[in-house]
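Summary of structural features
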Amino acid sequence: MTDTTVTNAKTASAYNDLLNLCVEASVLGSTGALLGWDQETMMPAQGLDLRGRQMAQIARMSHQMRTDPKIGELLAICEADAELMADPHSVAAANVRGIRREYDKSTKLPADLVEEMAKTTTQSKAHWAAARKANEFAQFLPWLEKIVELKRRQAECFGWPQDGEPWDALADLYEPGCTAKYVTSVFAPLREKLVALVEKLMASSQKPSDAFLREKLPIEQQMAFVRFVAEKIGFDFKRGRLDISTHPFCGGTHTNDIRMTTRFHDDNVLDALGSTMHESGHGMYEQGLKYEHFGTPAGDAISLGIHESQSRLWENQVGRSRAFWQWLHPKLGEFFGQTLATKYTLDDVYGAANLVQPDFIRVEADEATYNLHVMVRFEIERGLMNGSIRPADVPGVWNAKYNEYLGVTVPNDAKGCLQDVHWSMGAIGYFPTYTLGNLYCAQFFEKAAADLGNLDEMFAAGEFSALKRWLNEHIHQHGQRYEAAELCEVVTGKPLSAEPLLRHLESKLLPLYGC
Ligand code: ZN
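Each value, and the rule that gives it
- Residues numbered from 1 in each chain as written.
- Predicted model: local features only at pLDDT ≥ 70, side-chain atom pairs only at ≥ 80, totals over all residues.
- Heavy atoms only, no water.
- Core = buried A, V, L, I, M, F, W, Y, C linked by side-chain atoms within 4.5 Å.
- Buried < 20%, exposed > 50% of the residue type's maximum accessible area, 1.4 Å probe, protein only.
- Contact = heavy atoms within 4.5 Å.
- Pairing = 2+ DSSP bridges.
- Helix = DSSP H or I, 4+ residues; strand = E, 2+ residues; numbered from the N terminus.
- Axes fitted to C-alpha atoms, helices over the stretch in contact; angles between N-to-C directions.
- Donors = N, O, S within 2.8 Å, 3.2 Å for Na, K, Ca; no water.

1. Some thoughts on the nonpolar core
The biggest cluster of nonpolar side chains holds 134 residues, and the ones touching the most others in it are L273, V318 and F324. Those residues in contact with L273, other than ones at most four positions away along the chain, are F225, V226, V229, F324, W325 and L328. Residues Y15, L19, V91 and A92 belong to the second largest nonpolar core, which totals 16 residues.

Printed below as a string of structure tokens:
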């Protein structure tokens, strides 16, 4: 890592002031994050009213600090200093670039558009929920139309690359530098081969048993079990917590105070385990950032796609591998009693963790079909933004694509295009980060395996620290010094490709299904 020396005294002082303003805003923002965590985990129901006001006030103050015109002036001084910006991967250049991105994002939108967006999304979320409940797309349609119109105006304000399109401007909020063209270049080959893989698996007469997923197990024992695994794979409980919430998430205030959550059902311990390993992956990314860079882009995660690559890596590449279960299967006896470990063999549990079943619901999808759900959403939102799909056409297009990609007939809009909250919140450009995460994850994992030797042997012995250290060194510690696509090339020596993910899925699933 190269740190730029600043010889110009004016720049040095401007850079210093810039970082101070940025850190101050982050300190306040992290306080808001803690209140958000508390609301989901600990807060009594009656606390809601004032909590809303507390959070809104912090958000307002935080916005004010991040849009302080002083930041614009300091940025201009720093950007004009060729020496400071000479190495684009230095901490200083990454910080100036990252603060510029945030500043433009918060200042480029006119106040009336921001206000209209906030008002519309609050209402539209409620109308979406009602429409889904009533299974009536028509109820949501005017709101979707309004949101698409506002998002197009927003995209116009942000602007997009010369050979790009409006969707790019919105995706940039979640995945800096990401474009529809980039996404299509990896999604298109992936889709074709995934569809063929899923068809092949479904045509096979051999299929793993799902009996283990129906086994009822006490929640306290499940909690002890998933906590044990989170600690073993490397989540540092001296710098983080695990609690329970309806929707698992990973938040917290900084690298030394990570708050993650999981959920439990009285059956299906694999759901709690998968959620916990997923959030632990997010948590370990945050714990791997540098505390000395707290509150600045150099100490912050680069994108949602890279964040997701870290969670999926532990959830899927590790947590659904046979080697991992070779280690964990005997532990079932320790946590849930010997009867369970005897009732289900290693292969029963490993098979249940890797069942493939095309269905309508994204959040319940397995590792192979999940990405097809994401592609449907990406293609539709891209079309909504460039005008090739009208909001009124969404249900028809949705159902046709589900039929084509997943081979399923969507029974109704509640189980179809009304299932996700994202669009009603104005989150257009978000979905692809899930699949980008899977793709980055598979490519990183292949490289880690090539660098570290026999990972299966390590996992089977309950040894995960070498992999965690590899991720710390190659990905986490960089913060925002590289953009996601660039980081992928730096770490793996190749641009992002669909091949590693396909190799991972085929090599695991084909034998399990006797193909
Ligand atoms: Zn995640």
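2. Overview of the sheet that holds strand β2 (residues 250-254)
As summarised here, the arrangement of the three strands in space is β1-β3-β2, forming an open sheet in which the pairing is mixed. Only two strands of the sheet have a single neighbouring strand rather than two, namely β1 (240-244) and β2. Averaged over neighbouring strand pairs, the angle between their axes works out to 20° when direction is ignored. Across four bridges, the pairing between β2 and strand β3 (residues 257-262) is antiparallel. Pairing of H254 across the sheet is with D257, part of β3. The sheet strands contacting helix α1 (residues 9-41) are β1, β2 and β3, and the helix crosses β1 at an angle near 35°.

3. Topic: the coordination of the zinc ion
Bound to the zinc ion on the protein side are H278 (NE2), H282 (NE2) and E308 (OE), at distances that span 2.1 to 2.3 Å. Donor residues binding the zinc ion come from one chain and are separated in sequence as H-x3-H-x25-E. Taken together, the residues span about one helical turn, with H278 and H282 both in helix α11 (residues 269-288) at a distance of four residues. For the pair formed by H278 and H282, the shared burial category is buried.

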